[in-house]
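If you want the building blocks of each chain, they are given just below.
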Amino acid sequence: MPRRKILHHPTTYRNHSINDKYNYDKQQLDKIIDALEYYSDQCTLDTRNDYVVFDVTLKVTDTSVSPYFDTTQYDDGSTPFNSNDLKTIFPSEYYFYRWTREWSKKSKEHYHVMVIVNTPAMTEYLKSIQQQISALNGVVNCHITPRLLPDDDHRKMIHFHWLKESNDDIDGLKDAVLRHCYKAKLDQKIDGVKRSFDGCRELKPLKPL
């Protein structure tokens, strides 16, 4: 098994600004940037495409005492969260996604999910997605994290990043890399867990919603 390559508090990587607060798994950071660059390029190749990326945080029933995705029932009859259940909500012909599994004293066990979709009207679907994820086994709560824009921007707060070139002063791709790079961070990982990162394995054009 190849040795993990770690990037220690980088400020830039592959010509993108990176949050230097963290250490990163190089392979995972490459996968995140590859995806964001690929879908940004799809907007250039076909101007009808309008790819956006958004962030989902879900707190799950804490399984850190049994960190190998044990699917046995708890005493109350419930079962732990299984990341494979996300496939039912994000079918591969419409969505690309990657997740990172973490644990902290404040949030306990939780996941961050980077989701890419081809539609300029993502706001219309967010509530439904949030409700569907919240209904999965083992999910305690689900939150779609907003992205804050400068105070002088009339949108101020939105829930996704455009990967198409913006009409304002914000570079959509670079903005998205800076926001989503932390999903490759090594902080808050559970010791002994075999799978702390995963998601779609194929970069391909997505059907518009």
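Read on for a plain summary of the structure. (Residues numbered from 1 in each chain as written. Predicted model: local features only at pLDDT ≥ 70, side-chain atom pairs only at ≥ 80, totals over all residues. Heavy atoms only, no water.)

## Topic: the pairing of strand β7 (residues 108–118)
Argument step 1. Counting buried residues in β7 gives ten out of eleven residues, a clear majority hidden from the surface.
Argument step 2. Sheet analysis places strand β5 (residues 51–60) next to β7, joined by nine bridges and oriented antiparallel. Across the sheet, the residue bridging to Val56 is Val113, located in β7.
Argument step 3. Adjacent in sequence and paired antiparallel, strand β6 (residues 95–104) and β7 are bridged by three residues. (Buried < 20%, exposed > 50% of the residue type's maximum accessible area, 1.4 Å probe, protein only. Helix = DSSP H or I, 4+ residues; strand = E, 2+ residues; numbered from the N terminus. Pairing = 2+ DSSP bridges.)

## Some details on the packing of helix α1 (residues 26–45) against helix α4 (residues 172–180)
Argument step 1. Remark: α1 packs on α4, axes separated minimally by 10 Å, with the N-to-C direction vectors making an angle of 155°. Classed by the angle they form, the pair α1 and α4 counts as roughly antiparallel. The element α1 and its partner α4 pack so that their crossing is right-handed. The residues of α4 that touch α1, namely those facing Ile32, Ile33, Leu36, Glu37 and Ser40, are Leu173, Ala176, Val177 and His180.
Argument step 2. Within the contact of α1 with α4, the residues separate by chemical class into six nonpolar, two polar and one charged. (Axes fitted to C-alpha atoms, helices over the stretch in contact; angles between N-to-C directions. Parallel < 35°, antiparallel > 145°, perpendicular 65-115°, else oblique. Left-handed = near helix turned anticlockwise from the far one by under 90°. Contact = heavy atoms within 4.5 Å. Nonpolar A, V, L, I, M, F, W, Y, C, P; charged D, E, K, R; others polar.)

## Details of α1
Argument step 1. Taking 1.5 Å per residue, 20 residues should reach 28 Å; α1 reaches 28 Å between its end C-alpha atoms and fits that length.
Argument step 2. Buried within α1 are the following residues: Gln28, Leu29, Asp30, Ile32, Ile33, Ala35, Leu36, Tyr39, Ser40, Gln42 and Cys43. (Expected span 1.5 Å × (residues − 1).)

## A closer look at the side chain of Asp198
Argument step 1. With respect to the secondary-structure elements, Asp198 resides in strand β12 (residues 197–199).
Argument step 2. Accessibility expressed as a relative area gives 9% for Asp198, which makes it buried.
Argument step 3. At 3.0 Å, the side chain of Asp198 forms a polar contact with the side chain of Arg201.
Argument step 4. If we skip the residues at most four places from it in the chain, Asp198 touches Arg98 and Trp99. (Polar contact = N/O pair within 3.5 Å; in protein donor to acceptor, adjacent residues only side chain to side chain.)

Remember, this is a structural readout, not a statement about activity or role.
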